[in-house]
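What follows is each chain in one-letter form.
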Amino acid sequence: MLSHIRRRPLRAVTLGLSAHALCVSFALADPAPPFTDLLVQAQATAPRLAEARAEIAKAQGLARQAGALPNPTLDVEFENFSGSGPFKGTDLAETTASVGQTLELGGKRSARVSAGRAEIEAARARSAQVNAEFAFDLAQSYALAEASERRLQLATETLTLAEEDARIATALVEAGREADVRRVQAKAGVQAARANVDGARSARVTAFSNLTAMSGSPVPLTSIPTSLLAQAERTAPRRRPDPTASPAYIAAQAAREAAARRVRVEARRAIPDVSVSVGLRRFQADDATAIVASFSTSLPLFDRNRGNINAAQADLAATDARLNGARLDAEAAARASQDQEIAAQSRLLAARESEQSADEAYRLTRLGFEGGKLDLIEVLNARRALAEARAQTIDAALERLSAHAALARLTGRVPFGDQP
């Protein structure tokens, strides 16, 4: 009886793992490409990146419009004609045709063109920041999807072990070697493990749905055959980044420059423009033609554009504050990033050692339980410790990946791309 109990666990675990492998093979129907390939694909499909590109196109269109000259005006006048009286008919009519042009003074057009170019650079800097943020978020989403697969595998293996423990406990109870309470405890453990499997399966569906939506993939992604977490473990820690190279800081600098150019535009707009016109006047009665010319300008008595100038200056002050905040944030992140990555690497190594120890402890405890030397409660505790240790390893791997991706975001580099 005892030898029968000892042989069954290995077969049960093998069958459980084989069934899980079969499920995984079916799940590979729509595998996600490696992270760097998915990031390249997302450049054309991700809505967030498409919006950033549209903002650049918008700035380019506005910059082209800023350099346009005012359109000329064509003016035609008919005078001294009527249906009655001394001006009856058109014999005494005078016809004037003139072309007018508004002349922008004070460097208005050059100021607008300069501001438009600054807006383009600001849009490009914001796009670079969006790309860096997106690469970080996609790496996080990719890793969470992979971790959800590992957690489902862990929950499935834990259920297999719980069912085998329950089988052994039932056999020992029927043999009179254990009280019936042990069988009840083992069945409760099986129910809890099944609930964990259901929760892990639901979390996996959510994680892959989020990854599909973020990447803009036309087909649902259902599996990750190329591990990003393993790649993160092999990646060496980067050196401390330069805060001034942060995409967020560069974007804040570009926004500040664009705001300064807008102040100049509003200041130039207060200068009055001059409109000039040249034309010909035809005197019908004398059969003669004369040249006419005129000019006009506005008098800045009531509107000197003070409100717009003050608003642009306030916007400049706000961008100065944002630039200072971006600099402080970049400096703080640069100081902490390298230490965080090193700490995450140490925690991952410690978690792997703890998992190995917990695995060995569970193996020995189970052997003692099968031999009748240890109680079922010892097996349950050892199995719970093993599951927790494996979960901590997954969490540590996620933390290691997040630390590396955050460091890449600070430098504007692609996470897990070519190493410097």
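Here's what I pulled together on the structure shown here. It should be emphasised that the depicted structure is a prediction, and the values quoted were computed from it without experimental measurement. (Residues numbered from 1 in each chain as written. Predicted model: local features only at pLDDT ≥ 70, side-chain atom pairs only at ≥ 80, totals over all residues. Heavy atoms only, no water.)

### Details of the overall build of the protein chain
From N to C terminus, the protein chain includes nine helices and four strands. The order of α-helices and β-strands along the protein chain, N terminus first, is α-α-α-β-β-α-α-α-α-β-β-α-α. Of the contacts made within the protein chain by residues no fewer than 6 positions apart, 80% connect residues no fewer than 24 positions apart. Surface accessibility of the protein chain: about 22700 Å² in total, with carbon and sulfur atoms responsible for 56%. (Helix = DSSP H or I, 4+ residues; strand = E, 2+ residues; numbered from the N terminus. Contact = heavy atoms within 4.5 Å. Areas by Shrake-Rupley, 256 points an atom, 1.4 Å probe, with all protein chains shown as cover.)

### A short note on the sheet that holds strand E3 (residues 274–283)
Spatially, the four strands line up as an open sheet ordered E1-E2-E3-E4, and their pairing is antiparallel. Every other strand in the sheet has two partners, leaving strand E1 (73–79) and strand E4 (288–297) as the edge strands with one partner each. Between one strand axis and the next, the sheet turns through 20° on average, direction left out of account. Bridge analysis of strand E2 (residues 94–103) against E3 gives 10 bridges, and the strand direction is antiparallel. Residue pairing in the sheet places Gln-101 in a bridge with Val-276 of E3. (Pairing = 2+ DSSP bridges. Axes fitted to C-alpha atoms, helices over the stretch in contact; angles between N-to-C directions.)

### Here's the deal with the packing of helix H8 (residues 306–370) against helix H9 (residues 376–411)
Between H8 and H9, the least distance of the axes is 7 Å, while the angle of their chain directions is 160°. It follows from the interaxial angle that H8 and H9 lie roughly antiparallel. Crossing of H8 over H9 shows left-handed handedness. Split into classes, the residues belonging to the contact of H8 with H9 amount to 19 nonpolar, nine polar and 12 charged. (Parallel < 35°, antiparallel > 145°, perpendicular 65-115°, else oblique. Left-handed = near helix turned anticlockwise from the far one by under 90°. Nonpolar A, V, L, I, M, F, W, Y, C, P; charged D, E, K, R; others polar.)

### Overview of unusual backbone geometry
Peptide bonds are, in most cases, trans, and in most cases residues other than glycine have a negative phi. Of note in the backbone geometry, Asp-287 takes a positive phi value of approximately 50° without being a glycine. Along the chain, Asp-287 turns up in the loop between E3 and E4. Although it is not a glycine, Asn-305 sits at a positive phi angle of roughly 60°. In this fold, Asn-305 is placed in the loop between E4 and H8.

### Quick word on the packing of helix H5 (residues 180–215) against H9
For any two helices packed against each other, one specifies the inter-axial angle together with the distance between the axes. Taken N-terminus to C-terminus, the directions of H5 and H9 make an angle of 15°; their axes are 10 Å apart at the nearest point. The pairing of H5 with H9 is recorded here as roughly parallel in orientation. Handedness of the H5/H9 crossing: left-handed. Contact with H5, carried on its side by Arg-182, Gln-185 and Ala-186, involves Leu-376, Ile-377 and Leu-380 of H9 and no other residues of that element. Across the contact of H5 with H9, the residue classes tally to four nonpolar, one polar and one charged.

### Some thoughts on helix H7 (residues 247–269)
With 23 residues, H7 extends 33 Å between its outermost C-alpha atoms, agreeing within 8% with the 33 Å of an ideal straight helix rising 1.5 Å per residue. Residues of H7 that are buried: Pro-247, Tyr-249, Ala-251, Ala-252, Ala-254, Ala-258, Ala-259, Val-263, Val-265 and Glu-266. The inward-facing, buried residues of H7 contact helix H4 (108–174), H8 and H9. (Expected span 1.5 Å × (residues − 1). Buried < 20%, exposed > 50% of the residue type's maximum accessible area, 1.4 Å probe, protein only.)

### Some remarks on the pattern of salt bridges
Considering all chains together, one arrives at 24 salt bridges under this definition. Here Glu-163 and Arg-194 are joined by a salt bridge, their closest N and O atoms 3.6 Å apart. Separated by 31 residues along the polypeptide, Glu-163 in helix H4 and Arg-194 in helix H5 bring together distant segments of the chain. For Arg-400, the salt bridge is made with Glu-341, and the minimal N-O distance between the two is 3.0 Å. With Arg-400 in helix H9 and Glu-341 in helix H8, this residue pair connects regions lying 59 residues apart in the sequence. On the accessibility criterion, Glu-341 (0% relative accessible area) is buried. (Salt bridge = Lys/Arg side-chain N within 4 Å of Asp/Glu carboxyl O.)

### A closer look at the nonpolar core
Counting residues in each nonpolar core, the largest one holds 34 residues, and the members touching the most others are Tyr-142 and Leu-211. Put simply, the parts of the chain that give this core at least two residues each are helix H2 (35–45), H4, H5, helix H6 (228–234), H8 and H9. Here the element with the most residues in this core is H4; it accounts for nine residues. Ranked by size, the runner-up nonpolar core spans 23 residues in total, among them Leu-159, Ala-169, Ala-186 and Val-197. (Core = buried A, V, L, I, M, F, W, Y, C linked by side-chain atoms within 4.5 Å.)

### Looking at empty space enclosed by the protein
Tallied over the entire structure, the rule returns one cavity of 30 Å³ or more. Residue lining of the largest cavity: Leu-154, Thr-158, Leu-161, Arg-383, Leu-386, Ala-387 and Arg-390, and that is the complete set. At four residues, the largest contribution of residues to the lining of the largest cavity is made by H9. Of the residues belonging to the lining of the largest cavity, the class tally is four nonpolar, one polar and two charged. (1 Å grid on protein atoms, 1.4 Å probe; cavity = no way out; pocket = protein on both sides within 12 Å on 5 of 7 lines; lining within 4 Å. Points joined across faces, edges and corners; volume = space filled by probe spheres on them.)

### Quick look at a nonpolar patch on the surface
There is a patch of nonpolar side chains on the surface, built from Leu-74, Val-76, Phe-78, Phe-81 and Val-99 and spanning about 550 Å² of accessible area. The leading source of residues in the nonpolar patch is E1, at three residues. Note on placement: Val-99 falls in strand E2. For Val-99, a relative accessible area of 46% translates into the label partly exposed. (Patch = residues over 30% accessible without salt bridge, like charges linked within 9 Å, V, L, I, M, F, W, Y side chains within 5 Å.)

### Regarding H8
With 65 residues, H8 ought to run about 96 Å at 1.5 Å a step, and its terminal C-alpha atoms sit 89 Å apart, in line with that. Where H8 bends most, at Ala-336, the angle is about 30°. (Bend = angle between axes of the 7 residues up to and from the residue.)

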